Amino acid sequence: LLVALRNYRTHGQSAVLEALLLIDPSSHKLLLDILANPGDARRNDLLKRVQHTEQPEVVPFLIKMSRDLRERLREEGAQLLEARRQDPSFHKALVHFFERAPGKYLQRLASECESIPWWPRDLSLAPPALQHHLVGFLREAPKLPLSDRVSKLTALLALPDAGVRAQAALMLSELRDP
């Protein structure tokens, strides 16, 4: 795949970019470097693949992108996540991400999170499994402004799943009475 990537100008097959994105997480740094270079001919094709793929492997890539040290790339990553917040296929990808990612990685991600650009716009469209994961993520996100956590937990209280509501209510009471 890396050879095909090097010869991209010759063949122009954007499927190579998606294959690297989905199959080889170790290639994410290389793909981020492509996105960071506006003059790279592969950039637009890769952006299209990232914007439209329904595969769950795109979630960790977009999260890495939104946390990149390069400001422009970080902003683009947050915008891509924001744009996918109401996409049901992206909600499924988030469930897959939460269920497959190592617990320590999720805890570290949550503990460093100052915003959650991928938070579903309409929680009622998110599957119950994702709703449960979101409550757990908020529990581990102390850097997220308190007002954001409270508003997100309050929104979770309006959902039909009794387990989600109970978890959100418990967490709200813990936030109010530490």
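Predicted model, so just to flag it, every value in this text is computed and none were measured. (Residues numbered from 1 in each chain as written. Predicted model: local features only at pLDDT ≥ 70, side-chain atom pairs only at ≥ 80, totals over all residues. Heavy atoms only, no water.)

Caption draft 1: Examining the environment of Leu 109 more closely. Counting through the fold element by element, Leu 109 comes out in helix α9 (residues 103-112). The buried category is assigned to Leu 109, whose relative accessible area is 4%. Once the C-alpha coordinates of Leu 109 and Glu 18 are considered, the two residues, 91 residues apart in sequence, prove to be 24 Å apart. Apart from residues lying up to four places away in sequence, Leu 109 is in contact with Ile 63, Arg 67, Phe 97 and Phe 137. (Helix = DSSP H or I, 4+ residues; strand = E, 2+ residues; numbered from the N terminus. Buried < 20%, exposed > 50% of the residue type's maximum accessible area, 1.4 Å probe, protein only. Contact = heavy atoms within 4.5 Å.)

Caption draft 2: Just the nonpolar core, in detail. Residues Met 65, Trp 118 and Leu 156 are the most contacted members of the largest nonpolar core, which totals 49 residues. Discounting chain neighbours no more than four positions away, the residues touching Leu 156 are Trp 119, Leu 123, Gln 131, Val 135, Leu 138, Val 164, Arg 165 and Ala 168. (Core = buried A, V, L, I, M, F, W, Y, C linked by side-chain atoms within 4.5 Å.)

Caption draft 3: Up close: the pattern of salt bridges. Following the criterion strictly, the structure yields 10 salt bridges and no others. Here Arg 67 makes a salt bridge to Glu 112, at a shortest N to O gap of 2.3 Å. A residue pair is termed long-range when its members are at least 10 positions apart, and Arg 67 in the loop between α6 (58-66) and α7 (71-83) and Glu 112 in helix α9 qualify at 45 residues. Bridged by salt links that share partners, the residues Lys 29, Asp 33, Asp 68 and Arg 70 form one connected network. (Salt bridge = Lys/Arg side-chain N within 4 Å of Asp/Glu carboxyl O.)

Caption draft 4: Spotlight on the packing of helix α3 (residues 15-23) against helix α5 (residues 43-52). Interaxial distance between α3 and α5 falls to 9 Å at its minimum, and their mutual angle equals 55°. The angle between α3 and α5 places the two elements in the oblique class. As for the relative orientation of α3 and α5, their crossing is right-handed in sense. From α3, Ala 15, Leu 17, Glu 18 and Leu 21 reach across to α5, where they touch Asp 45, Leu 46, Arg 49 and Val 50. Class assignment for the residues of the contact of α3 with α5 results in 5 nonpolar, no polar and 3 charged. (Axes fitted to C-alpha atoms, helices over the stretch in contact; angles between N-to-C directions. Parallel < 35°, antiparallel > 145°, perpendicular 65-115°, else oblique. Left-handed = near helix turned anticlockwise from the far one by under 90°. Nonpolar A, V, L, I, M, F, W, Y, C, P; charged D, E, K, R; others polar.)

Caption draft 5: View of the confidence of the model for the chain. Chain-level statistics for the chain give a pLDDT mean of 88 and a share of 92% at 70 or above. Confidence, expressed as mean pLDDT per element, reaches its minimum in the chain at helix α2 (residues 8-11) with 60 and its maximum at helix α11 (residues 146-157) with 95. (pLDDT = per-residue confidence, 0-100.)

Caption draft 6: Broad picture of the packing of aromatic side chains. Tallied over the entire structure, the rule returns 5 aromatic pairs. Each ring, one from Trp 118 and one from Phe 137, has its centre 5.2 Å from the other, and the planes form 70°; the classification is edge-to-face. In this pair, Trp 118 is assigned in the loop between α9 and α10 (128-139) and Phe 137 in helix α10, connecting sequence segments 19 residues apart. Since its relative accessible area comes to 4%, Phe 137 is described here as buried. Clustering of aromatic rings is evident, with ring pairs tying together Phe 97, Phe 98, Tyr 105, Trp 118 and Phe 137. (Phe/Tyr/Trp six-rings, centres within 6.5 Å; stacked < 30°, edge-to-face > 60°.)

Caption draft 7: Inspection of the environment of Leu 32 at higher detail. Note that Leu 32 resides in helix α4 (residues 28-36). The exposure class of Leu 32 is buried, given its relative accessible area of 7%. When the C-alpha positions of Leu 32 and Arg 72 are compared, they lie 11 Å apart, and in sequence the two are 40 residues distant. Leave out the neighbours within four places in its chain, and Leu 32 touches Phe 61, Lys 64, Met 65, Asp 68, Arg 70 and Leu 73.

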